[in-house]
Amino acid sequence: MKIAGKLAAKTLEMIEDHVKAGVSTGALDDICHDFIVNEIDCIPACLDYKGYPKTICTSINQVICHGIPDEKQILKDGDILNIDITVIKDGFHGDTSKMFFVGNKKPHAERLVKITQECLYKSIELVKPGVRLGDLGNIIQKHAELNHYSVVRDYCGHGLGLNFHEEPQILHYGQPNTGMSLKEGMCFTIEPMINIGTHKTKLSKKDGWTVETVDGRLSAQWEHTILVTSDGAEVLTKREEESF
Ligand code: MF3
Ligand code: CO
Ligand code: CO
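In this report, the structure presented in the accompanying data block is examined. Treat the numbers as computed from the prediction; the structure is a model and nothing was measured. (Residues numbered from 1 in each chain as written. Chains lettered and ligands numbered in written order. Predicted model: local features only at pLDDT ≥ 70, side-chain atom pairs only at ≥ 80, totals over all residues. Heavy atoms only, no water.)

## Some points on helix α3 (residues 107-126)
The end-to-end C-alpha distance of α3 is 29 Å, a good match for the 28 Å that 20 residues give at a rise of 1.5 Å each. Those residues of α3 that fall on the buried side of the exposure criterion are A109, L112, V113, I115, T116, C119, L120, S123 and I124. (Helix = DSSP H or I, 4+ residues; strand = E, 2+ residues; numbered from the N terminus. Expected span 1.5 Å × (residues − 1). Buried < 20%, exposed > 50% of the residue type's maximum accessible area, 1.4 Å probe, protein only.)

## Some points on the coordination of the cobalt ion (ligand 2)
Surrounding the cobalt ion (ligand 2) are the protein donor atoms D95 (OD), H158 (NE2), E191 (OE) and E223 (OE), which sit 2.0 to 2.2 Å from the metal. Taken together, the 6 donor atoms surrounding the cobalt ion (ligand 2) define angles of 51 to 160° at the centre, an arrangement classified as irregular. In this structure, the cobalt ion (ligand 2) lies 3.3 Å away from the cobalt ion (ligand 3), the two metals sharing D95 as a donor. Placement of the pair is H158 in strand β7 (residues 157-159) and E191 in the loop between β9 (187-190) and β10 (193-195), with a sequence separation of 33 residues. When sorted by exposure, H158 lands in the same class as E191, which is buried. (Donors = N, O, S within 2.8 Å, 3.2 Å for Na, K, Ca; no water. Tetrahedral: all angles 85-135°; square planar, octahedral: opposite > 155°, others 65-115°.)

## Digging into the state of the cysteines
Applying the stated criterion to the full structure yields 0 disulfides. Here C32 stays free of any disulfide, with the sulfur of C46 as its closest cysteine sulfur at 11 Å. (Disulfide = S-S within 2.5 Å.)

## What about the site of ligand 1?
The full set close to ligand 1 counts 14 residues, and C46, H158, H165, E191 and E223 are the nearest of them. Between H158 and ligand 1, the recorded distance is 3.0 Å, taken from a side-chain N or O atom to an oxygen atom. Note that an oxygen atom of ligand 1 is positioned 2.8 Å from one of the side-chain N or O atoms of E191. For ligand 1, the protein covers 96% of the area, taking 340 Å² as the surface of the free molecule. (Near = heavy atom within 4 Å. Polar contact = N/O pair within 3.5 Å; in protein donor to acceptor, adjacent residues only side chain to side chain. Areas by Shrake-Rupley, 256 points an atom, 1.4 Å probe, with all protein chains shown as cover.)

Written out as structure tokens, the structure reads:
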């Protein structure tokens, strides 16, 4: 899991330089596929997963998650973009995503992206044996709602290991002191999706994957794969730019 996590993080770091106006999300997918297969000798977990057609997910602006890369979808100045990458190494899954700005940062988008990252970081700081899943959801929900944002309910984090999505579900909202207690050795993702407007989602009827906000307002997401250690958390998908 440590190796898989590191390699997923490395792929996200690699793609950063390629994210700019004028580039298509399909091109980003091609670059990631080549890197994952040929440079780090992994299997792209998303490709063919339940029929998903690409290697990465690229979710722009009002897209909450599972946006499908496309050669005809061109990034433009002012966009915000989540790239979600999952790789399999020796059977084990590493799953991580981050937000990118295309060109100029719009202040309202920058604030959403920052608060959403803080939601992830605050929940990671809580992780240790004995802490309950409701505690993690609660700290995310509180930070989002205090900032007048909403937490997506229809999608959540998940246990992972030899399978991409395992129990337990990691909800990004909830009540303190409820739910399963964390134990040393557990691996799961935390991946809050936070919206400026309503938390309600709609699934594209056209492609069956793309999930968007019902009101068309912006959504952001950050994701890490976490290992519960004896006294805290190890962020298996930590990037160079991060210090935990
Ligand atoms: N990486 C996503 C997650 O965080 C799942 C994407 S599944 C796909 O759980 F099929 F859409 F790729
Ligand atoms: Co995930
Ligand atoms: Co993911």
